[in-house]
Structure formats: structure tokens, C-alpha cells
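Remarks on the overall topology
Here is how the chains run, residue by residue.
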Amino acid sequence: MRIRLLALALALAPRIAEAHDLWLEPAGDGYVLRHGHRGGELLPIDPAGLKAIRCVEAGGAARDLRGAATFAPTEARVAGRCAAISAFSDGGFWSLTPDGEKNLPRTRVPDAVRSWASRQYAKWVDARAPVAATPLGDELEIVPPPELVRARVGDKLALRVLHEGKPVKGAVLAVDHRPLGESDSAGVVRIRIKRGGVQSLATSLRRPLAAPEAESVVLEASLTFEVDR
């Protein structure tokens, strides 16, 4: 048992739900929020964990659409049009044990090797909208540059990763769980657009948490937008 615990402690940095993403994209007359792997396996959406869906209009005014959301087992949908829209899902506390991960705080898991709080943020932006390049104020977010409106296949984009509005150094930006680059001291990651259509990027960040339930918080954020083919 001690050998198993040591191996887990040394080898594992917690990966919430095996690095599944939370993302938003247009669908019909509104937007759909999904969890899992885009284009592949989908996981259930927990209505209780979905705390906010904010729609930002072209003029910058924001309204919460959470109360108008409709839920299916693997998605949440809202109607309307937004220049940008973001969602916040609180995954609660997780603990790593010799038998795997449990969605419980360490105060309820006597054999916990490591525990963490999980918070996920998803954002979609209309590349044509000026507010697309403006931070929305999510705890962790990926912010595209104003040049997004002119982006085409083959172009490079300098995106920013912000935590509580401040640049994050060393954040890895990925697409389909393939790393694209790491943010510099200004929080900037430069990527090349390799294909047209919907682009979905993701990053994650771990920070210490002074709480009896867990010793860290793992934040995950996605950014989705569309590039002309």
C-alpha cells in the first residue's frame, strides 16, 4: 500500500475528469454548452454545478442566461445572440485515492493522497465583435487579440491567458489536448491557425488553496471562435 501511495503522489498531478473540456459554441438560435471531448465522447452536464452563463452584447452590457437554460443529459442550451458568452461550472472537491478519483473533499476521504477544488470556465466569442478581444472577467480566461476579426488559415494569433485579470506565465495552450505553446511573462501564447471553421482552445492552472477540503484549486478555461474557411 505504501508503495502504491508513493507512486501516486510522485507521478500524478490531478487531471480533472481525465482532462475533459467544457466548451460553448453556436447552435441553432442560441448556444450549446458541452463537456467531454469536442467531436467525441460527451459527459453529463450537472445543472447544479452550472453557476452562470453570461451573455455580453455588442455594446458591452452583460446579462445572466443561467435561469433560461434548458438541460439534456449531455448539454445545456440557451437562446439568443451574444457578442461573447461565458459559462462557469463548479465541479466541487475531488480527492485522489489509491483506488482512483472521488468527487469528495479530503475531509470525507480518509485515504486521500491529494485533493483539489475544480472550477471550469468556457467562453465563445464572435470574431467580428469588438468585445471579442476584451476580457470578460472570468477567474481564468483566454483572450484573443483584436486581429481575430481578420484571422484566416495560416495566420498567427497572439492570445493572452489571464488569472483574475493578470497575465499567467507558463500556461500551456492546447487544442484537442495537443499542446500548442506556453505563455510568456506577459501571458501571451502565439499560435498559427491551421484550419478553418470552429477553433476550440483550452488551458489549465493550479493554485494553492488554504482550505481543509483541499490543498489546491485546479482551474480550466476554454475559448471557442470561428475562422473563415
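Going by the structure above, here's the rest.
First, a word on scope: everything that follows refers to the structure included in this document.

Parameters at a glance
- Residues numbered from 1 in each chain as written.
- Predicted model: local features only at pLDDT ≥ 70, side-chain atom pairs only at ≥ 80, totals over all residues.
- Heavy atoms only, no water.
- Phe/Tyr/Trp six-rings, centres within 6.5 Å; stacked < 30°, edge-to-face > 60°.
- Helix = DSSP H or I, 4+ residues; strand = E, 2+ residues; numbered from the N terminus.
- Buried < 20%, exposed > 50% of the residue type's maximum accessible area, 1.4 Å probe, protein only.
- Lys NZ or Arg CZ within 6 Å of the ring centre and 35° of its normal.
- Pairing = 2+ DSSP bridges.
- Polar contact = N/O pair within 3.5 Å; in protein donor to acceptor, adjacent residues only side chain to side chain.
- Contact = heavy atoms within 4.5 Å.

Focus on the packing of aromatic side chains
- According to the stated counting rule, one finds two aromatic pairs in the structure shown.
- Ring centres 5.2 Å apart and planes at 50° place the aromatic pair Tyr31 and Trp124 in the tilted group. Residue Tyr31 is located in strand 2 (residues 30-36), and its partner Trp124 is located in strand 9 (residues 114-125); the two are separated by 93 residues in the primary sequence. Like Trp124, Tyr31 is buried.
- Over the face of the ring belonging to Tyr31 we find Arg81, whose NZ or CZ atom lies 5.4 Å from the ring centre.

So, the pairing of strand 6 (residues 75-79)
- With four bridges connecting them, strand 2 and strand 6 associate as antiparallel partners. Bridge pairing in strand 6 links Val32 to Arg77.
- Inspection of the sheet shows strand 5 (residues 70-72) paired to strand 6 by three bridges, in the antiparallel sense. Considered in strand 6, the bridge of Thr70 is made with Arg77.
- Hairpin geometry of strand 5 and strand 6 is characterised by an intervening segment of two residues between the two adjacent antiparallel strands.

Some words on the side chain of Glu141
- Mapped onto the elements, Glu141 comes out in strand 10 (residues 140-143).
- One polar contact links Glu141 to Lys123, side chain to side chain, over a distance of 2.8 Å.
- At a separation of 2.9 Å, a polar atom in the side chain of Glu141 contacts the main-chain amide nitrogen of Gly137.
- If sequence neighbours within four positions are ignored, Glu141 has contacts with Lys123, Pro135, Leu136, Arg160, Val161, Leu162 and Ala221.

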